[in-house]
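Examining the three-dimensional arrangement
The residues making up each chain are set out below.
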Amino acid sequence: MPPKVPTFAEQLAAARSSAVHLEMRDSYSVAMEIEAFAAWRDGFRHDPSDRASWWRPWLTLIEDTVARGVEVRRVRIVSEPVSEYIRFEHAGTFTNVAAGEQIRWLPRRQASDIALPGNDFWLFDDRLVRFNHFTGEGESAGPSFSDDPAVARLCSAAFASAWERAVPHEKYSV
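Residues numbered from 1 in each chain as written. Predicted model: local features only at pLDDT ≥ 70, side-chain atom pairs only at ≥ 80, totals over all residues. Heavy atoms only, no water.

1. Focus on the nonpolar core
- Core analysis: the biggest nonpolar cluster contains 18 residues, and L22, V75, L106 and F121 have the highest contact counts within it.
- Taken together, the elements giving at least two residues each to this core come down to β1 (18-23), β2 (71-78), β4 (120-124), β5 (128-134) and α6 (149-165).
- Top element by residues in this core is α6. It accounts for five residues.
- Grouped together as the second largest cluster of nonpolar side chains are 13 residues, A15, L59, I62 and A99 included. (Core = buried A, V, L, I, M, F, W, Y, C linked by side-chain atoms within 4.5 Å. Buried < 20%, exposed > 50% of the residue type's maximum accessible area, 1.4 Å probe, protein only. Helix = DSSP H or I, 4+ residues; strand = E, 2+ residues; numbered from the N terminus.)

Quick look at the structure:
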């Protein structure tokens, strides 16, 4: 019987010091965001003062992880002018920040000389990589995993370079 593939929540729970995420697509079409994206297109915006209306399990997971002392950081590499989807993401990112996640935005033109992996990824404790695969339409095609030290070093170096150049969320406007 093949080994059980850990869920994202299990991987995050196992992190001891860091969990970093690099996103490189200008659009995603994952099922859990379709309704929220449509509502945003129709003019809905979260009220930052009404935390109960936008707090969700993902944010609790991040908050709990940060409370354990794990640094959670994300860089989004984006084309400019940004896509409609990126404007949607940017509008809701304050919720991630409220949960304790540090988020930065890197214009794609400033990433041209960074060696980047071919897929978005999470890197846990600089040793375990969870690649997120997507179809051409932006739908999830499932994850893959690597504990190869060379792959982890590539992802760590790519993230560090992107993080250094990226603009903190509160200073990036779309």
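2. A word on the pairing of strand β6 (residues 140-146)
- Note: β5 against β6, six bridges, orientation antiparallel. When the sheet's bridge partners are listed, R130 is paired in β6 with F145.
- Linking β5 to β6, which pair antiparallel, is a turn of five residues; within it G138 sits at a positive phi near 90°. (Pairing = 2+ DSSP bridges.)

3. Describing helix α4 (residues 57-67)
- Within α4 the residues assigned to the buried category are L59, I62 and T65. Taken around the axis of α4, the buried residues stretch over an arc of 125°, which confines them to a single face. In α4, the exposed residues that point more than 90 degrees away from the buried face are P57 and A67.
- On its buried face, α4 sits against α1 (8-14), α3 (51-54), β2 and α5 (84-99).
- Of the residues flanking the end of α4, it is G69, one or two places downstream, whose phi is positive at about 95°. (Arc of directions from axis to C-beta. Contact = heavy atoms within 4.5 Å.)

4. Description of the packing of α4 against α5
- Where α4 contacts α5, the axes come no closer than 8 Å and their chain directions differ by 35°. Here α4 contributes W58, L59, I62, E63 and V66 to the contact with α5, which in turn contributes T95, N96 and A99.
- Counted by class, the contact of α4 with α5 contains five nonpolar, two polar and one charged residues. (Axes fitted to C-alpha atoms, helices over the stretch in contact; angles between N-to-C directions. Nonpolar A, V, L, I, M, F, W, Y, C, P; charged D, E, K, R; others polar.)

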